[in-house]
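# An overview of the molecular structure
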Amino acid sequence: MGMNVKKTAPIGVFDSGVGGLTVAREIMRNLPNEDIVYFGDTARVPYGSKSKDNIIRYSKQIIHFLQTKGVKAIVIACNTASALALDAVKDEFDIPIIGVVEPGARAALAVTETKKIGVIGTEATVRSAMYEKIIQEIEPDVSVVAKACPLFVPLVEEGFKKHHVTDEIIDYYLSSFKETDIDALILGCTHYPLLRSKIREYVGEKITLVNPAYETAMDLKLILEEQDMENPDVEGDHGSYSFYVSDAADKFKQFANSILPYDIETTKQINIEEY
Ligand code: DGL
């Protein structure tokens, strides 16, 4: 922890776009005293189909931007950026940077009895095999079945959460899990918790759905407690939240207001290539 970072400083949270709001939402619910500066890279989304080099470059630019806001810790709310860029960025900065993959992996390990875990995510996340890597580092005898579900992201963004087309696509992607005996399924992409009830209906009660967003908020809480960096001051009943994007601020705001517990007033657009 940098010596000059204050307890009252905000938490930086970033994602390729709107999806990371599912992580911001868990931080708001579970760490209500903390201020949040959120950045959504709406100009360059999706990350799920990009190369590792670009995802690292984007992540570094965003961390530089968040540092201009004086953040005391950073949460990489995007599974793809956590899987591909966390290792490359975490030692380069002097504040804690946490991703969503490790908390998700640990939560799945805590519930599995069959020692078989399913993971769904973007193409880049699945290709990186980062969930498998972390799971098997902790427990080598646990096996992992991973599947990319690229159509889930646009379905959520287009508001198809309850549409019958979504049922068919869920069947298309998840039917192969029925032949395995996984008992935990990691929702390894920011958007997937928003499809949770339909996925739950499809896979049934025997499979525990693991939401890395919640686990990440819990990890953040622990890190702030350990480092004695929790925000002691709060005005009103929650921290203050600001939102930045690299494109289309209005569309972002609309989506944010449909999923966050508090309405957001303004979203500022910045040129992320300058950082
Ligand atoms: N935020 C991304 C993730 O969690 C999904 C959207 C994208 O591909 O950028 O992997």
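See the structure shown above.
Read on for a plain summary of the structure.

## Observations concerning the overall build of the chain
Check the secondary structure of the chain and you find 11 helices and 10 strands. For 275 residues, the compact-globule estimate of 2.2 N^0.38 gives 19 Å, and the C-alpha radius of gyration of the chain, at 18 Å, lies within 12% of that figure. Its C-alpha atoms give the chain principal-axis dimensions of about 55 × 40 × 40 Å. Evaluated residue by residue, the chain yields a buried proportion of 55% over its 275 residues. Contacts in the chain between residues at least 24 apart in sequence constitute 77% of all its contacts with a sequence separation of at least 6. For the chain, the accessible area works out to roughly 12300 Å², and carbon and sulfur atoms hold 48% of it. The average position of the 29 basic charges and that of the 42 acidic charges among the side chains of the chain differ by 2 Å.

## A look at the packing of aromatic side chains
Using the criterion set out here, one finds 11 aromatic pairs in the structure. When the centroid spacing of 5.8 Å and the interplanar angle of 40 degrees are considered together, the rings of Tyr-38 and Phe-252 count as tilted. On the criterion of sequence distance, the pair formed by Tyr-38 in strand 2 (residues 36–40) and Phe-252 in helix 11 (residues 249–259) is long-range, its members being 214 residues apart. Arranged with centres 5.2 Å apart and planes meeting at 85 degrees, the rings of Phe-152 and Tyr-192 form a pair that is edge-to-face. Of the two residues, Phe-152 sits in helix 7 (residues 152–157) while Tyr-192 sits in the loop between strand 7 (184–187) and helix 9 (196–203), which places them 40 residues apart along the sequence. Considered together, Phe-152 and Tyr-192 belong to a single accessibility category, that of buried residues. Members of the aromatic cluster, each reached through a chain of ring pairs, are Phe-39, Phe-65, Tyr-244 and Tyr-275.

## Observations regarding the sheet that holds strand 10 (residues 267–269)
Strand pairing within a sheet occurs via backbone hydrogen bonds; the two strands may be parallel or antiparallel. Taken together, the 6 strands give an open sheet; going across it, the order is 4-3-1-2-9-10, and neighbouring strands pair in parallel fashion. Each edge of the open sheet carries a strand with a single partner, namely strand 4 (97–99) and strand 10. On average, adjacent strands in this sheet sit at an angle of 20 degrees to one another, irrespective of strand direction. Sheet topology note: the strand 1 (residues 11–15)/strand 3 (residues 73–76) ladder contains 4 bridges and is parallel. By the bridge assignment for strand 3, Ile-11 is matched with Ala-73. Strands strand 1, strand 2, strand 3, strand 4 and strand 9 (241–245) of the sheet are contacted by helix 2 (residues 52–68), whose axis makes an angle of about 150 degrees with strand 1.

## Looking at the packing of helix 1 (residues 21–30) against helix 10 (residues 212–226)
Close contact between helix 1 and helix 10 brings their axes to 8 Å; oriented N to C, the two are set at 50 degrees. The angle between helix 1 and helix 10 falls in the class oblique. Like other packed secondary-structure pairs, helix 1 and helix 10 cross with a definite hand, here right-handed. Along the contact surface, helix 1 presents Thr-22, Val-23, Glu-26, Ile-27 and Asn-30, while helix 10 presents Ala-213, Tyr-214, Ala-217, Met-218, Leu-220 and Lys-221.

## Some points on the site of the ligand
Contacts to the ligand come from 13 residues, most closely from Asp-15, Ser-16, Tyr-47, Gly-48 and Thr-80. A distance of 2.6 Å is found between an oxygen atom of the ligand and a side-chain nitrogen or oxygen belonging to Ser-16. The contact in question runs from an oxygen atom of the ligand to an N or O atom on the backbone of Gly-48, over 2.8 Å. Compared with its free state, where it exposes 300 Å², the ligand has 99% of that area covered by protein. Here the residues of the shell around the ligand are counted per class, giving 5 nonpolar, 7 polar and 1 charged.

## Here we look at the sheet that holds strand 7
Judged by pairing direction, the sheet is parallel, and its 4 strands sit side by side in the order 6-5-7-8 without closing on themselves. Two strands close off the open sheet at either side, each with one partner strand: strand 6 (143–148) and strand 8 (208–210). Averaged over all pairs of adjacent strands, the angle between their axes in this sheet comes to 25 degrees, without regard to strand direction. Where strand 7 lies against strand 8, 3 bridges are found, and the strand directions are parallel. Pairing of Ile-186 across the sheet is with Val-210, part of strand 8. Each of strand 5 (116–121), strand 6 and strand 7 touches helix 6 (residues 130–138); the most contacted strand, strand 6, lies at about 165 degrees to it.

Basis of the calculations
Residues numbered from 1 in each chain as written. Predicted model: local features only at pLDDT ≥ 70, side-chain atom pairs only at ≥ 80, totals over all residues. Heavy atoms only, no water. Helix = DSSP H or I, 4+ residues; strand = E, 2+ residues; numbered from the N terminus. Rg over C-alpha atoms; globule rule 2.2 N^0.38 Å. Buried < 20%, exposed > 50% of the residue type's maximum accessible area, 1.4 Å probe, protein only. Contact = heavy atoms within 4.5 Å. Areas by Shrake-Rupley, 256 points an atom, 1.4 Å probe, with all protein chains shown as cover. Lys, Arg positive; Asp, Glu negative; His and termini not counted. Charge placed at Lys NZ, Arg CZ, Asp CG, Glu CD. Phe/Tyr/Trp six-rings, centres within 6.5 Å; stacked < 30°, edge-to-face > 60°. Pairing = 2+ DSSP bridges. Axes fitted to C-alpha atoms, helices over the stretch in contact; angles between N-to-C directions. Parallel < 35°, antiparallel > 145°, perpendicular 65-115°, else oblique. Left-handed = near helix turned anticlockwise from the far one by under 90°. Near = heavy atom within 4 Å. Polar contact = N/O pair within 3.5 Å; in protein donor to acceptor, adjacent residues only side chain to side chain. Nonpolar A, V, L, I, M, F, W, Y, C, P; charged D, E, K, R; others polar.

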